[in-house]
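So the chains spell out like this:
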Amino acid sequence: MSGYSALMELECSKTGERFPADSLHNLSPAGAPLLARYDLEAAARTLRPGALADRRADMWRYHELLPAPSAEAVVSLGEGMTPLLEAPRLGAGLGLGRLYIKDEGKNPTGSFKARGMSAAVSMARLLGAGKIAVPTAGNAGGAAAAYAARAGLEAHIFVPADAPAVHKAECVLAGAKVTEVRGTIYHCGALVARRGPGEGWFDLSTFKEPYRAEGKKTMAFELFEQLNEELPDAIVYPTGGGTGLVAMWKAFGEMEAIGWIGSERPRMISVQAEGCAPLVRALEAGRDEATLWENPTTRVSGLRAPKVLADTLCLEAIRESGGTAAAVPDEAMFEAQREAGAAEGVPVCPEGAACVAALRTLRERGAVDADERIVMFNTATALKYADMAAVDCPIVDPLPEQEETG
Ligand SMILES: *Cc1c(COP(=O)(O)O)cnc(C)c1O
């Protein structure tokens, strides 16, 4: 343990068994995600809200509760400290007086996957991985490729052939080896698992290694800083693998342990696509586990995660927080994308727009109140989905030359 990081060990999220954090780990022997555990007393001594002003303006400002043992071990492209924007016009249209957008599209590689990959690639390099591999619906691949390049590691990306073109291009431009798969991220994951051991790839799949969640957890610390040391009443989060949801929930526990907050928590509201909603289905059925969603039909890549490895942890966070879940159709997402863009000028991705569509329904059924402070996550920039947007504007000929110059 160093003064820079208070990381102590890893804990199996199923059995509670502990493991040293000084080597590369994937799932625990019980087949469950491993979670990073810190010396919270040590962290509390230096990680105080008042002491943050002078720190670097990225997610590594919270380094005591991140895994890298020193500043030198950090692989960074300037991730985190994204704006928390008031959204009064969008909110008014939804009947919400205090709506905020946490705009994660401002991250390197245009999505919040940068946070997770900064932490995971830092640790992979530190612990001796030479090559990494990632199954991705789109954005995780771009981030993995960029951070691997930054770290001098080789990256192997497996992406569905029908993922947005920009997502594939950015991997290629960052020097990664990209394989397109006729299937979903689930099938990509199976290929990485099959081929990885023989190829010497370290598998950076969501929750198959412990540190992507650690990077994403910094979103919770930022909300607290940006809301003047308070938390919102509700967080609305487009959920694929559930990393952000579980990570922020973990962060709130740590924030309580280091004295930043009491036992209060925002309600965690998970949003999925109607065509792939394993968590919504499990929640509505009162189950603790989410089964595989056969034949996902949503076109929205970030929400096309038919199997949630951290299903139990996601469902716990939603239930314990008094939250809920909602599924929205693709069409509502594409409409809400334009609604949010026109109302606030924020380039909202379809996944982020799912939150807008869900909030309309949630407001109608009384799951959120008009005067509550609500933060919705825009998890990527709309620009990464440019090829999916219908651009239907008139095309005209230029003016005749004499008019143009005269
Ligand atoms: C990956 C992704 C999600 C889902 O994130 P999780 O934290 O794994 O649930 C949502 N939106 C976008 C744009 C994504 O890339």
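Since the structure is predicted, the reported quantities are computational estimates derived from the model, not experimental observations.

(A) Seen up close, the sheet that holds strand β1 (residues 7-12). Reading across the sheet, the three strands line up as β2-β1-β3 and stay open at both edges, with antiparallel pairing between neighbours. Of all strands in the sheet, those bounded by a partner on one side alone are β2 (18-20) and β3 (34-38). For this sheet, the mean angle separating the axes of adjacent strands, direction not counted, is 40°. Here five bridges tie β1 to β3, and the two strands are oriented antiparallel to one another. The residue bridging E11 from the neighbouring strand is L35, located in β3.

(B) Spatial organisation of helix α5 (residues 165-173). Along α5, the positions that sit buried rather than exposed are H167, K168, E170 and C171. One side of α5 holds all its buried residues, which, seen down the axis, span an arc of 160°. Turned more than 90 degrees away from the buried face of α5, the exposed residues are V172 and L173. Against the buried residues of α5 lie α4 (139-151), β7 (154-160) and β8 (177-181). Two residues or fewer after α5 comes G175, characterised by a positive phi angle close to 85°.

(C) Representation of the site of the ligand. The environment of the ligand is formed by 17 residues, the closest being K113, Y237, G240, G242 and T379. Contact distances for the ligand include 2.7 Å between an oxygen atom and a backbone N or O atom of G242. Backbone polar atom of G244 to an oxygen atom of the ligand: 2.9 Å apart, as the coordinates give it. Protein contact buries 96% of the 380 Å² of open area that the ligand shows by itself.

(D) Fine view of the sheet that holds strand β9 (residues 201-203). Taken in spatial order, the four strands make up an open sheet running β8-β7-β6-β9, and their pairing is parallel. Either end of the sheet is taken by a strand with one partner, and the two such strands are β8 and β9. Pairwise comparison of adjacent strand axes, ignoring direction, gives a mean angle of 25° for this sheet. Sheet topology note: the β7/β8 ladder contains five bridges and is parallel. By the bridge assignment, H156 is partnered in β8 with K177.

(E) Expanded view of the packing of helix α8 (residues 243-257) against helix α10 (residues 311-320). Where α8 contacts α10, the axes come no closer than 9 Å and their chain directions differ by 55°. What the angle tells us is that α8 and α10 run oblique. Between α8 and α10 the crossing geometry is left-handed. Packed against α8, whose contacting residues are L245, V246 and W249, the element α10 presents L313, C314, A317, I318 and E320 at the interface.

(F) Structural context of unusual backbone geometry. Of note, the phi angle at F207 is positive, near 65°, even though the residue is not glycine. Within the element layout of this structure, F207 appears in the loop between β9 and α7 (212-226). In this structure F207 comes out as buried when scored by relative accessible area, which is 4%.

(G) Focus on the packing of helix α3 (residues 113-126) against α7. Viewed as axis vectors pointing N to C, α3 and α7 meet at an angle of 130°, and their least axial separation amounts to 6 Å. In terms of orientation, α3 and α7 fall into the oblique class. Judged by the twist between their axes, the crossing of α3 over α7 is right-handed. Contacts from K113, R115, G116, M117, A119 and A120 in α3 reach R212, G215, K216, T218, M219 and E222 in α7. Partitioned by chemical class, the residues of the contact of α3 with α7 number four nonpolar, three polar and five charged.

Rules used in this analysis
Residues numbered from 1 in each chain as written. Predicted model: local features only at pLDDT ≥ 70, side-chain atom pairs only at ≥ 80, totals over all residues. Heavy atoms only, no water. Pairing = 2+ DSSP bridges. Helix = DSSP H or I, 4+ residues; strand = E, 2+ residues; numbered from the N terminus. Axes fitted to C-alpha atoms, helices over the stretch in contact; angles between N-to-C directions. Buried < 20%, exposed > 50% of the residue type's maximum accessible area, 1.4 Å probe, protein only. Arc of directions from axis to C-beta. Contact = heavy atoms within 4.5 Å. Near = heavy atom within 4 Å. Polar contact = N/O pair within 3.5 Å; in protein donor to acceptor, adjacent residues only side chain to side chain. Areas by Shrake-Rupley, 256 points an atom, 1.4 Å probe, with all protein chains shown as cover. Parallel < 35°, antiparallel > 145°, perpendicular 65-115°, else oblique. Left-handed = near helix turned anticlockwise from the far one by under 90°. Nonpolar A, V, L, I, M, F, W, Y, C, P; charged D, E, K, R; others polar.

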